[in-house]
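An overview of the molecular structure
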Amino acid sequence: MTSPTINMRHLLNVRHTIALLGCLLWAVGPVLAQGKTSNDGEAQSVSPAKVLLEKASEQIQRLLNPPFSFALIGDQPYNPSQEKALDAILKELDSRSDIEWILHVGDIKGGSELCTDGLIKHRLNQLKKTQKALVLVPGDNEWTDCHRDSNGSFDPQERLTFLRKQVYTKPLTLGKAAFKVRQQTALGFPEHFMWQQGTTLFVTLNIPGSNNDLVNPSSRGLRDEEVQRLFNIRQQAVDAWLAEAEQLFKKDDAPTETVIAFQGDPLDGSGTPFSMDRMLVRPDGYEPLMKRLVQFAANTHRPVLIAHGDTHRYRWDQPDLSKYGATPEVNALIYRVEGWGHPFTNQWVKVTVTPGKSKPFLAESILMHADNPN
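This text gives an overview of the structure that appears in the document. (Residues numbered from 1 in each chain as written. Predicted model: local features only at pLDDT ≥ 70, side-chain atom pairs only at ≥ 80, totals over all residues. Heavy atoms only, no water.)

Examining the overall build of the protein chain
Put simply, the rule is: Numbering of helices and strands runs from the N terminus; a helix is a DSSP stretch of H or I covering at least four residues, while a strand is a stretch of E covering at least two. Each residue's exposure class comes from its accessible area (1.4 Å probe, protein chains only) as a fraction of the maximum for that residue type: buried when under 20%, exposed when over 50%, partly exposed otherwise. Note on contacts: a residue pair qualifies if any of its non-hydrogen atoms lie within 4.5 Å across the two residues. Note on areas: Shrake-Rupley with a 1.4 Å probe; residue coverage comes only from the protein chains shown.
Counting its regular elements, the protein chain contains 9 helices and 12 strands. Here the protein chain holds 374 residues, and the buried ones make up 51% of them. A sequence separation of at least 24 residues applies to 74% of the contacts in the protein chain between residues at least 6 apart. Only carbon and sulfur atoms are counted for the fraction: they give 54% of the accessible area of the protein chain, which is about 17500 Å².

So this is what it looks like as structure tokens:
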């Protein structure tokens with residue numbers, strides 16, 4: 001797994017500072033090695049040299065893994081008039097030196113726009129023009145909901161295959177400054193990404209809205225059993241991808257935190273017990289995912305940030321996940337951020353990660369400049 005490009009000036013500063021810290025460690029090392037132990041067997045006293053050594057080590061880690069920020073957008077554009085607004089956001093993000101790359105959490109078209117090849121390619125070309133790297137997560141409007149009459153009565157699985165051919169044929173992000181990622185190609189889900197930036201692990205998943213693809217109105221033309229089968233296959237791939245990520249935490253150079261991104265809102269979105277499409281009781285399509293994310297945090301013992309879209313309202317919180325099996329200790333590890341979406345296309349979210357901190361994540365809503373078309 002590779003990281004976004006490191007700024008060369010920062011790299012030179014790191015080397016210079018590490019050299020100075022190395023001299024400090026060489027000077028205090030003999031003093032620290034002598035140590036002091038009390039005669040009555042109490043714990044070894046903390047010498048000034050040891051304090052200096054610990055602070056030097058922390059400084060080195062911070063220099064090697066400095067804080068960084070990425071932009072969170074999604075659920076736009078929903079119509080041709082919003083394309084200009086998205087161009088303005090991308091232009092602003094390209095101009096900001098504090099934003100290293102962009103995360104779009106899906107829905108690059110409106111829920112009632114046609115799912116044609118031409119429209120999807122057009123919106124993808126808009127995203128590809130950004131000067132920064134851009135990670136795109138599949139949204140329900142690109143494939144799950146394409147069975148709707150207003151969308152052109154497409155086969156959702158065929159639309160997902162089409163999207164994969166347009167975006168996920170290579171282990172690269174979109175954008176002019178694209179960086180490499182790992183993909184879950186072995187199980188047929190190339191849209192599942194994994195990469196590290198310093199000691200921060202990133203994972204993307206295909207978890208869309210519409211109750212995680214469990215909504216099954218008559219326009220879909222599938223039996224409930226087939227919808228459930230497709231859901232199970234994707235959930236098994238999600239479980240396997242997260243299990244692979246967990247293995248990284250067993251290594252000496254383990255990640256210090258994880259960001260997991262997908263489109264559907266698992267807490268406030270479409271995962272409700274009643275379907276307005278068919279008026280039938282149905283399961284919460286996000287429950288298996290949430291239980292697995294709680295397990296992931298419990299297994300890694302490190303902070304986790306869930307980044308999603310779908311309900312178009314900025315959220316930044318630490319939700320209570322006890323109904324999914326989270327203990328208070330695990331609840332304290334899990335954060336959630338949702339980005340703005342249609343019709344709020346004049347705002348975006350800045351997410352900052354400070355690697356290795358007990359509370360490494362910070363999110364803030366950013367209002368576009370006054371010249372934004374929306």
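Structural notes on the state of the cysteines
Convention followed: By convention in this document, the label disulfide applies to cysteine sulfur atom pairs within 2.5 Å.
All chains considered together, the criterion is met by 1 disulfide. Residue C115 pairs covalently with C146 via a disulfide, S to S 2.1 Å. Its S-S torsion of about -85° marks the bond between C115 and C146 as left-handed, since a negative value means left-handed. Of this pair, C115 sits in the loop between β2 (101–104) and α4 (117–128) while C146 is found in the loop between β3 (133–136) and α5 (156–167), placing the two residues 31 residues apart along the sequence. C146 shares its class with C115; the two are buried.

Side note on the pattern of salt bridges
Operational definition: Any carboxyl oxygen of Asp or Glu that lies within 4 Å of a side-chain nitrogen of Lys or Arg is treated as forming a salt bridge with it.
All told, the structure shown has 20 salt bridges when counted by the stated rule. Where D265 meets R336, a salt bridge forms, and the shortest distance between an N and an O atom there is 3.7 Å. A residue pair is termed long-range when its members are at least 10 positions apart, and D265 in the loop between β7 (257–261) and α8 (287–300) and R336 in strand β10 (residues 334–338) qualify at 71 residues. Taking the relative accessible area as the measure of exposure, D265 reaches 0% and is therefore buried. In this structure, a network of salt bridges that share partners links the residues D265, D268, R315, D317, R336 and E338.

Details of the sheet that holds strand β8 (residues 304–308)
Selection rule: Between any two strands, pairing holds if DSSP finds at least two bridges. In this analysis, axes come from line fits to C-alpha atoms, helices being fitted only over the stretch in contact, and the angle between any two N-to-C directions falls in the range 0 to 180 degrees.
One open sheet accounts for 7 strands, arranged β4-β5-β6-β7-β8-β10-β9; its pairing is mixed. The sheet terminates laterally at β4 (182–184) and β9 (315–317), the two strands that pair on one side only. Sheet twist, expressed as the average angle between the axes of neighbouring strands with direction ignored, equals 20°. Across 3 bridges, β9 lies against β10 in antiparallel orientation. Directly across from R315, in β10, lies its bridge partner E338. Packed on one face of the sheet, α8 meets β7, β8 and β10 and runs near 150° to β8.

Let's talk about the side chain of E246
If you trace the backbone, E246 turns up in helix α7 (residues 224–247). Apart from the residues within four sequence positions on either side, E246 is in contact with R292, Q295, F296, N299 and T300.

Let's talk about the packing of aromatic side chains
Under the convention used in this document: Only Phe, Tyr and Trp rings are paired, with Trp represented by its six-membered ring, and only when their centres lie within 6.5 Å; those with planes under 30 degrees apart are stacked, over 60 edge-to-face, the remainder tilted. Over a ring means this: the NZ of a Lys or the CZ of an Arg is within 6 Å of the ring centre and within 35 degrees of the ring normal.
This structure, assessed with the given rule, holds 14 aromatic pairs. For the ring pair F70 and W101, a centre distance of 4.5 Å and an interplane angle of 10° mean the geometry is stacked. Residue F70 is located in strand β1 (residues 68–73), and its partner W101 is located in strand β2; the two are separated by 31 residues in the primary sequence. When the centroid spacing of 6.0 Å and the interplanar angle of 90° are considered together, the rings of F249 and F296 count as edge-to-face. A residue pair is termed long-range when its members are at least 10 positions apart, and F249 in the loop between α7 and β7 and F296 in helix α8 qualify at 47 residues. Residue classification places F249 among the buried positions, given a relative accessible area of 14%. By the ring-pair criterion, three or more aromatic residues cluster together here, those being F68, F70, W101, F179, W195 and F202. We note R159 situated over the ring of F162; from NZ or CZ to the ring centre the distance is 4.5 Å. Across the ring face of F189, the terminal group of R164 is positioned such that the distance to the ring centre comes to 5.1 Å.

Focus: the pairing of β1
Here β1 lies mainly inside the structure; 6 of its 6 residues are buried. What you see with β1 is no split at all: F68, F70 and L72 on one side and S69, A71 and I73 on the other are buried throughout. Inspection of the sheet shows β1 paired to strand β11 (residues 347–353) by 5 bridges, in the antiparallel sense. Each residue of the ladder has a partner; that of S69, found in β11, is T352. Sheet topology note: the β1/β2 ladder contains 3 bridges and is parallel.

Some points on the sheet that holds β3
Taken together, 5 strands build an open sheet; the order of strands is β3-β2-β1-β11-β12 and the sheet is mixed. Where the open sheet ends on each side, the last strands, each with one partner, are β3 and β12 (361–367). The average angle at which neighbouring strand axes cross in this sheet is 25°, direction not considered. With respect to the sheet, helix α3 (residues 83–95) is in contact with β1, β2, β3, β11 and β12, its orientation differing from that of β1 by roughly 180°.

Such coordinate-based values are descriptive only and should not be taken to indicate function.
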